[in-house]
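Here is what each chain is made of, one letter per residue.
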Amino acid sequence: MATISEWLAATSVSVAVSGAPWVIPTVQSIHILAIAIVLSSVAMLDLRLAGFIGHERPARSTALRTYPWIWWALIVLVTTGLIMIMGEPERELRNWIFWTKMTLIVAAVVVTMPVQHMLDERPYRDHARAQRLKIRGLALLSLVFWVLVVVCGRWIAYAGENSL
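Report follows, based on the coordinates.

What counts and how
Residues numbered from 1 in each chain as written. Predicted model: local features only at pLDDT ≥ 70, side-chain atom pairs only at ≥ 80, totals over all residues. Heavy atoms only, no water. Helix = DSSP H or I, 4+ residues; strand = E, 2+ residues; numbered from the N terminus. Buried < 20%, exposed > 50% of the residue type's maximum accessible area, 1.4 Å probe, protein only. Areas by Shrake-Rupley, 256 points an atom, 1.4 Å probe, with all protein chains shown as cover. Lys, Arg positive; Asp, Glu negative; His and termini not counted. Charge placed at Lys NZ, Arg CZ, Asp CG, Glu CD. Salt bridge = Lys/Arg side-chain N within 4 Å of Asp/Glu carboxyl O. 1 Å grid on protein atoms, 1.4 Å probe; cavity = no way out; pocket = protein on both sides within 12 Å on 5 of 7 lines; lining within 4 Å. Points joined across faces, edges and corners; volume = space filled by probe spheres on them. Nonpolar A, V, L, I, M, F, W, Y, C, P; charged D, E, K, R; others polar. Expected span 1.5 Å × (residues − 1). Bend = angle between axes of the 7 residues up to and from the residue. Phe/Tyr/Trp six-rings, centres within 6.5 Å; stacked < 30°, edge-to-face > 60°. Lys NZ or Arg CZ within 6 Å of the ring centre and 35° of its normal. Core = buried A, V, L, I, M, F, W, Y, C linked by side-chain atoms within 4.5 Å. Contact = heavy atoms within 4.5 Å. Patch = residues over 30% accessible without salt bridge, like charges linked within 9 Å, V, L, I, M, F, W, Y side chains within 5 Å. Polar contact = N/O pair within 3.5 Å; in protein donor to acceptor, adjacent residues only side chain to side chain.

**Topic: the overall build of the protein chain**
Check the secondary structure of the protein chain and you find 7 helices and 0 strands. Counting over 164 residues, the protein chain shows a buried share of 39%. Carbon and sulfur atoms make up 72% of the accessible area of the protein chain, which amounts to about 9,200 Å² in all. Looking at the protein chain, you have 14 positive and 10 negative side-chain charges, and the mean spots of the two groups are 12 Å apart.

This is the structure:
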């Protein structure tokens, strides 16, 4: 990882990003706003799927309202994340917390995918008990993963010595 981060740091894009004092703080601010959109949308959807809010509404209607926000914000997060990596490749790529965050993002997406196939037009109470428990468990696990992604994202800045 050291070789890759050193190579990236020497590229013209990395030099330009790290050389402009306004780029990283601006990109980090946009990144944080996108995180807020993802986390609030995921929380609304997961809490609905878990049956804690919006019992009377079909989960599909909540999903249709939140998925566009989630996907667009994820695109912004990937874009701003790549810019931050280019600006500080050593700090990001050699940090075990960064890789934990990336793993948690993959886990959150993988846990969320089966739930999409369980959504239908029935209110939560009309699902079989076993189905409700399965959806609730996956939704809460998804929410935990996304909260941990945010925690890791903040922790990256304070991790100290790079370890990879």
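**Brief notes about the pattern of salt bridges**
Counted under the stated rule, the structure contains 3 salt bridges. Here R91 makes a salt bridge to E88, at a shortest N to O gap of 2.9 Å. The class of R91 is partly exposed, set by a relative accessible area of 26%. Close ionic contact of R91 with E92 constitutes a salt bridge, the shortest N to O distance being 4.0 Å. Connected through shared salt-bridge partners, E88, R91 and E92 make up one network.

**With respect to the layout of surface pockets**
The computed volume of the largest pocket comes to approximately 640 Å³. In terms of lining, the largest pocket is formed by 27 residues, of which the most central are H31, I35, L77, M84 and K101. Residue assignment for the lining of the largest pocket shows that the elements contributing at least two residues are α3 (23-49), α4 (59-87), α5 (89-93), α6 (96-118) and α7 (129-156). Of the residues that constitute the lining of the largest pocket, the class distribution is 19 nonpolar, 4 polar and 4 charged.

**Description of α4**
Between its first and last C-alpha, α4 extends 40 Å over 29 residues, near the 42 Å set by a 1.5 Å rise per residue. At T66, α4 is bent by approximately 35°, the largest bend along its length, and proline P68 sits one to four residues beyond.

**A closer look at the environment of N95**
Residue position: N95 is located in the loop between α5 and α6. Remark: the alpha-carbon pair of N95 and S18, spanning 77 residues in sequence, is separated by 18 Å.

**Considering the packing of aromatic side chains**
Using the criterion set out here, one finds 2 aromatic pairs in the structure. On the numbers, 5.5 Å between centres and 75° between planes, the contact of W96 with W155 is edge-to-face. Of this pair, W96 sits in helix α6 while W155 sits in helix α7, and the two are 59 residues apart along the sequence. Between F98 and W99 the ring centres are 5.0 Å apart and the planes differ by 85°, which places this aromatic pair in the edge-to-face class. Lying across the ring of F52, R136 places its NZ or CZ 4.6 Å from the centre.

**Focus: the nonpolar core**
Among the nonpolar cores identified, the biggest contains 32 residues, and V38, V42, L49, L74 and W146 are the most heavily contacted of them. If you list the elements that add at least two residues to this core, you get α3, α4, α6 and α7. Residues contacting V42, with those up to four places away along its chain left out, are I70, S142, L143 and W146. Among the nonpolar cores identified, the runner-up in size contains 6 residues, and V17, V23, I24 and V27 belong to it.

**Quick look at a nonpolar patch on the surface**
A grouping of M44, F52, I53 and L140 is seen on the molecular surface, where their side chains present a nonpolar patch of about 320 Å² in accessible area. Position of F52 relative to the elements: it lies in the loop between α3 and α4.

**Some words on the side chain of H31**
Considering the arrangement of structural elements, one finds H31 in helix α3. Residue H31 is classed as buried on the basis of its relative accessible area, which comes to 9%. Within polar-contact distance, the side chain of H31 engages the side chain of T80 at 2.5 Å. When near neighbours in sequence (up to four residues on either side) are disregarded, H31 contacts L77, T80, G81, M84 and K101.

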